[in-house]
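Observations on the model geometry
Chain by chain, the residues:
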Amino acid sequence: MEHPENDKQYSGLTVNSGVAQPPSVNPYAVRRRRKPLPTPGELVEGILRGDVTMLSRAVTLVESLNPDHQAIAQEVIEKCLPHSGRSRRIGITGVPGAGKSTSIDVFGLHVLRGGGKLAVLAIDPSSERTKGSILGDKTRMEKLAVHPDAFIRPSPSAGSLGGVARKTRETIILCEAAGFNNIFVETVGVGQSETAVHSMVDFFLLIQLAGTGDELQGIKRGIMEMADGIVINKADGDNIPRAQLAQAQFRNALHLFPPTASGWVPEVLTYSGYYEIGIPEVWDMIDRYFAFAHRNGYFEKRRLEQSRYWMYETINETLRTKFYNDPDVHDLLVDNERRVLDNRLSSFVAARNVLEFYFNKEK
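What comes next is a walk through the structure.

1. Digging into the pattern of salt bridges
Per the counting criterion, the structure on display carries 13 salt bridges. The shortest N-O distance in the salt bridge between R88 and D287 comes to 2.6 Å. Of this pair, R88 sits in strand β1 (residues 88-94) while D287 sits in helix α11 (residues 279-295); the two residues are 199 residues apart in sequence, bridging distant segments of the chain. Close ionic contact of E176 with R89 constitutes a salt bridge, the shortest N to O distance being 2.8 Å. Taken as a pair, E176 in helix α7 (residues 161-177) and R89 in strand β1 lie far apart in primary sequence, 87 residues in all. When its relative accessible area of 6% is taken as the criterion, R89 is described as buried. Three or more residues joined by partner-sharing salt bridges are found here, namely E45, R49 and D51.

2. Quick notes on the environment of G91
Assignment of secondary structure puts G91 in strand β1. In this structure the C-alpha to C-alpha distance between G91 and E186, which are 95 residues apart in sequence, comes to 6.0 Å.

3. Quick word on the packing of helix α1 (residues 40-48) against helix α3 (residues 67-80)
In the contact formed by α1 and α3, the axes pass within 9 Å of each other and the chain directions differ by 45 degrees. In terms of orientation, α1 lies oblique with respect to α3. Crossing geometry of α1 relative to α3 is assigned as right-handed. For the pair α1 and α3, contact is made by P40, L43, V44 and I47 and by I72, E75, V76, K79 and C80, respectively. Residue composition of the contact of α1 with α3, grouped by class: 7 nonpolar, no polar and 2 charged.

4. Side note on the pairing of strand β6 (residues 229-233)
Across the 5 residues that make up β6, a large majority, 5, are buried. Of the two faces of β6, the one lined by G229, V231 and N233 and the one lined by I230 and I232 are each fully buried. Bridge count between strand β5 (residues 203-209) and β6: 5 bridges; the pairing is parallel. By the bridge assignment for β6, L205 is matched with G229. Taken together, β6, helix α10 (residues 240-254) and strand β7 (residues 267-270) form a β-α-β motif whose crossover is right-handed.

5. Observations concerning the side chain of T168
Its place among the elements puts T168 in helix α7. Ignoring anything within four residues of it in the chain, the contact list for T168 reads L121, I123, V185 and M200.

6. As for the nonpolar core
A general feature of soluble globular proteins is that nonpolar side chains tend to end up buried together. Counting residues in each nonpolar core, the largest one holds 50 residues, and the members touching the most others are L174 and I230. Once residues lying within four places of it in the same chain are set aside, the contact partners of L174 are I47, L55, A58, V59, V62, V76, I77 and C80.

7. Let's talk about α1
Among the residues of α1, those classed as buried are P40, L43, V44, G46 and I47. Buried residues of α1, seen end-on, are gathered within an arc of 165 degrees and therefore sit on one face of the element. G50 sits one or two residues past α1 and shows a positive phi near 85 degrees.

What counts and what doesn't
Residues numbered from 1 in each chain as written. Predicted model: local features only at pLDDT ≥ 70, side-chain atom pairs only at ≥ 80, totals over all residues. Heavy atoms only, no water. Salt bridge = Lys/Arg side-chain N within 4 Å of Asp/Glu carboxyl O. Helix = DSSP H or I, 4+ residues; strand = E, 2+ residues; numbered from the N terminus. Buried < 20%, exposed > 50% of the residue type's maximum accessible area, 1.4 Å probe, protein only. Axes fitted to C-alpha atoms, helices over the stretch in contact; angles between N-to-C directions. Parallel < 35°, antiparallel > 145°, perpendicular 65-115°, else oblique. Left-handed = near helix turned anticlockwise from the far one by under 90°. Contact = heavy atoms within 4.5 Å. Nonpolar A, V, L, I, M, F, W, Y, C, P; charged D, E, K, R; others polar. Pairing = 2+ DSSP bridges. Right-handed = clockwise from strand over helix to strand, strands pointing away. Core = buried A, V, L, I, M, F, W, Y, C linked by side-chain atoms within 4.5 Å. Arc of directions from axis to C-beta.

If you want it as structure tokens, here you go:
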């Protein structure tokens, strides 16, 4: 392109043509082709021999929203199901800042010293605005992250705790088939996710802090009733008396609750995750619980109840997804929503209109 400044009428002005720009892409870079998806048979074979790469790829398919990926994932899960169920499933929750990730790191190392393999499934909170997640739990589990017998998999909640919980339960099946005989499920914190996680684990551990004011104020009664064990973290140095006081408060509070379905009386212990004090005692409590639950038959009973629960949860989620993904329903929803916002229709009549349309369409 000619520059007008180079015209003769503009004496003393000259614009050089410049230097040719290098290509924006490195000419020496080798373009790699994306690896094709393994077949369900290859995934199952890899999982059963303990191949962590194949396990990770299968979990990615479980978490995918792609219908083709979901079809492969369900086939893999079905074939892995007979090889699952032989593990200890432990849910771990607590208030934000209680030290869940640090505690899982030291608990996990204690378990691995006794032999076996450990899988940690961490549900990471997603932003309500951007739907993004940091997925930083693995960075806080420095020792487990490099251990050859540990598998850490963070999953974004993405605003749908029910969906993530179902995928987490399916991931548990895959991990058990891969030979992981200890499963930790870390929740996003005290909230609605605890109910979902409680429905997929054998033991529910609540981590609390001392010295934060009214220890019982920041915890919901429902979480206390679900807990099979309560542990007070950061019981070290000057904080030991406060931890012991919190321990007494929680023990007194547990006496006010009705007996648990298992007949087990939840214990309250103190420990320090950072200094690794009291870790064996916490694990001895968990061992006692499993021995108790196996002895009275509650372990098998609870596993069966959980399987039934997740059957109905899967039905509910499938119906919900099919309803909202129907294009005709979507258009009708938009129209009825506009009429509700304009005060031309009540919310209940609008909902009935959309549901009647959907049910008549399905006939």
